[in-house]
Amino acid sequence: QVLHIKGVNWSPVPRGASYPEGLDFSGFVDRDAPLMRDAGINAVRTYETITDRRVLDVLWDHGIFVLNTVYGWGGAPVNSTADRVNAVIDHPAILMWVIGNEWNYNGLYAGLNIDQSVQRINAVAAVVKQADPSRPVATIYGEMPSRQLMDRLAIIDAWGLNVYRGIGFG
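Okay, so let's go over this structure.

1. As for the pairing of strand 5 (residues 137–142)
Reasoning step 1: Where burial is concerned, most of strand 5 is hidden: 6 out of the 6 residues are buried.
Reasoning step 2: Residues Val137, Thr139 and Tyr141 of strand 5 are buried on one face, and the alternating residues Ala138, Ile140 and Gly142, pointing to the opposite face, are buried as well.
Reasoning step 3: Pairing of strand 4 (residues 94–101) with strand 5, which is carried by 4 bridges, proceeds in the parallel orientation. By the bridge assignment for strand 5, Asn101 is matched with Ile140.
Reasoning step 4: Pairing between strand 5 and strand 6 (residues 158–162): 5 bridges, direction parallel. Bridging from a neighbouring strand, Thr139 pairs with Trp159 of strand 6.
Reasoning step 5: In this view, the connection linking strand 5 to its parallel neighbour strand 6 by way of helix 6 (residues 147–152) has right-handed handedness.

2. Things to note about the nonpolar core
Reasoning step 1: The biggest cluster of nonpolar side chains holds 38 residues, and the ones touching the most others in it are Trp10, Ile50, Leu59, Val66 and Trp103.
Reasoning step 2: Looking at this core, the elements with two or more residues in it are helix 1 (25–38), helix 2 (53–61), strand 3 (65–71), helix 3 (80–88), strand 4, helix 5 (114–131) and strand 5.
Reasoning step 3: Leaving out residues up to four positions away in the same chain, Ile50 has contacts with Trp10, Phe25, Val55, Leu56, Leu59, Val66, Asn68 and Val88.
Reasoning step 4: Phe65, Leu95, Val98 and Ile140 belong to the second largest nonpolar core, which has 8 residues in total.

3. Topic: unusual backbone geometry
Reasoning step 1: Following Tyr19, the chain continues to Pro20 via a peptide bond in cis, the omega torsion being 5°.
Reasoning step 2: Tracing the backbone shows Pro20 in the loop between strand 1 (7–9) and helix 1.
Reasoning step 3: The backbone of Glu102 sits at a positive phi, close to 50°, despite the residue not being glycine.
Reasoning step 4: By the element assignment, Glu102 lies in the loop between strand 4 and helix 4 (103–106).
Reasoning step 5: At Glu143, a position not held by glycine, the phi torsion is positive, near 80°.
Reasoning step 6: Here Glu143 is to be found in the loop between strand 5 and helix 6.
Reasoning step 7: A relative accessible area of 21% means that Glu143 is categorised as partly exposed.

4. What to know about the packing of aromatic side chains
Reasoning step 1: Following the criterion strictly, the structure yields 5 aromatic pairs and no others.
Reasoning step 2: Here the aromatic rings of Tyr19 and Tyr47 are separated by 6.5 Å at their centres, their planes lie at 70°, and the arrangement is edge-to-face. Here Tyr47 lies in the loop between strand 2 (43–45) and helix 2 and Tyr19 lies in the loop between strand 1 and helix 1, a separation of 28 residues in the sequence.
Reasoning step 3: Residue classification places Tyr47 among the partly exposed residues on the basis of a relative accessible area of 30%.
Reasoning step 4: Measuring from ring centre to ring centre gives 5.2 Å for Trp60 and Phe65, while their planes differ by 65°; the resulting arrangement is edge-to-face.
Reasoning step 5: One aromatic cluster is present, formed by Trp103, Tyr141 and Trp159 through successive ring pairs.

Definitions and limits used
- Residues numbered from 1 in each chain as written.
- Predicted model: local features only at pLDDT ≥ 70, side-chain atom pairs only at ≥ 80, totals over all residues.
- Heavy atoms only, no water.
- Buried < 20%, exposed > 50% of the residue type's maximum accessible area, 1.4 Å probe, protein only.
- Helix = DSSP H or I, 4+ residues; strand = E, 2+ residues; numbered from the N terminus.
- Pairing = 2+ DSSP bridges.
- Right-handed = clockwise from strand over helix to strand, strands pointing away.
- Core = buried A, V, L, I, M, F, W, Y, C linked by side-chain atoms within 4.5 Å.
- Contact = heavy atoms within 4.5 Å.
- Phe/Tyr/Trp six-rings, centres within 6.5 Å; stacked < 30°, edge-to-face > 60°.

Structure, rendered in structure tokens:
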């Protein structure tokens, strides 16, 4: 079934707090979900994993899917991802699982080079797909990946591209 995703990154941190310590999904979902729905948003991508079922319920009640990041920091054990997936695997709000954010710029925030990052993403994606073969696995890349890089990450089902070329996308 075709789904036109109209989404935003959602990482609610109150004024005066800092990320990630101040991240507060449960404190903002009741206010943010209706605003997002009214703006036509039907999907959110997170930078951290949402495992709070009440948060997922509120988003789902407002017609909002979640692209749930389950691996953002390259220093975490690969197998730890299965616990994050399994915590909410049965929730209908989960549209897909996400690995990394602009990891070609940040080495998954753990100093990994590109080859190490690719190896880590492949390993994490295999764990995610073993835990939940029913949903796509995405990764978020800065700019446009080469065909060769995409081939090296053939396990990835969807690529999110953060392209910083100005208003016209170059």
